[in-house]
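# Understanding the architecture of this molecule
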Amino acid sequence: KIMILFGPPGAGKGSHAPKIVATLGIPQLSTGDMLRAAVAAGTELGKQAEGVMKSGGLVSDELVVSLIKERISVADCAKGFILDGFPRTMEQTKMLDAMLAEAGDKVNYVVALEVPDAVLAERICGRWVHKESGRSYHIKFAPPKSLGDQAPSVETMLDDETGQPLMQRKDDTEEALKSRLEAYHAQTVPILGHYGPAGVVHKIDANRPPPEVWSSIEKVL
Ligand code: AP5
Ligand code: ZN
């Protein structure tokens, strides 16, 4: 099964992905996580992507398509995969469809998490992440056990599973969010129109508490 997990920045793609992975038994492929890993490792690709990502723009289609191409050739993707943050432009969509068609595959589900723009700033600005696992927390909506009633800081925001410190993303600012939302509406939303006629798009109201959002996703699966 091939799924696109779709939605604006802060919609809850990364938050719900681990449960979809556990349910379907196929891996999550997040181009955002792959790019952040490349930036952290200081690779040539990471150097190319760093500035664009920090300002909230989109990295070039060629670069992300090559990352995905390489990743889906790995054995654990043989039974399918969940795309998180890809495709993001019509060009990427065409390249994905062509890549899948070569193997006789196609996109089976587009799970589209819908959240009004006005709600996203609070979600984004309160997010803390565990870098290694990609786990997402929120100071108010999904606090780690370590926070209790203390103020959020690098000392009090620790990953539930490893106890390691959480961090904030460089692009999680109001300023960068503006550009990310512009890119989303102009370049990414048209992708839904492309997959609509195939009957694979499932729209989910993601402006509800996480357990309610998850139960709607579960019904689609
Ligand atoms: P990427 O990492 O893909 O970021 P994004 O799409 O902006 O999405 P986010 O990770 O911000 O949102 P999410 O939906 O995963 O939210 P989360 O679940 O964490 O991309 C980053 C950058 O990389 C791009 O800007 C671009 O530069 C580059 N890039 C990546 N892919 C690319 C591509 N294909 N082409 C070109 N460039 C690319 O949730 C957010 C917060 O809200 C968390 O704190 C969470 O706890 C909280 N939350 C979640 N659900 C709820 C809820 N229901 N109620 C309350 N709070 C909630
Ligand atoms: Zn994410």
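Residues numbered from 1 in each chain as written. Chains lettered and ligands numbered in written order. Predicted model: local features only at pLDDT ≥ 70, side-chain atom pairs only at ≥ 80, totals over all residues. Heavy atoms only, no water.

The protein chain carries the name Adenylate kinase active site lid domain-containing protein in an unreviewed UniProt entry, which gives Chrysochromulina tobinii as its organism. You can read under Sequence similarities (unreviewed entry) in the UniProt record for the protein chain the words "Belongs to the adenylate kinase family." (UniProt positions renumbered as here; feature names shortened; annotations may be inferred.)

Along the chain, Ser179 falls in helix 7 (residues 174–188). Put simply, Ser179 and Pro211 are 32 residues apart on the chain and 29 Å apart in space, counted from C-alpha to C-alpha. Beyond its immediate stretch of four places on either side in the chain, Ser179 contacts Ser55 and Gly56. (Helix = DSSP H or I, 4+ residues; strand = E, 2+ residues; numbered from the N terminus. Contact = heavy atoms within 4.5 Å.)

Right, let's talk about helix 1 (residues 13–24) for a bit. In this model helix 1 runs 16 Å from its N-terminal to its C-terminal C-alpha over 12 residues, within 8% of the 16 Å that 1.5 Å per residue would give. Residues of helix 1 that are buried include every one of Lys13, His16, Ala17 and Ile20, and no others. Projected down its long axis, helix 1 shows its buried positions confined to an angular sector of 125°, all on one face. Residues of helix 1 that are buried sit in contact with strand 1 (2–6), strand 2 (28–30), strand 3 (81–84), strand 4 (109–114) and helix 9 (210–220). (Expected span 1.5 Å × (residues − 1). Buried < 20%, exposed > 50% of the residue type's maximum accessible area, 1.4 Å probe, protein only. Arc of directions from axis to C-beta.)

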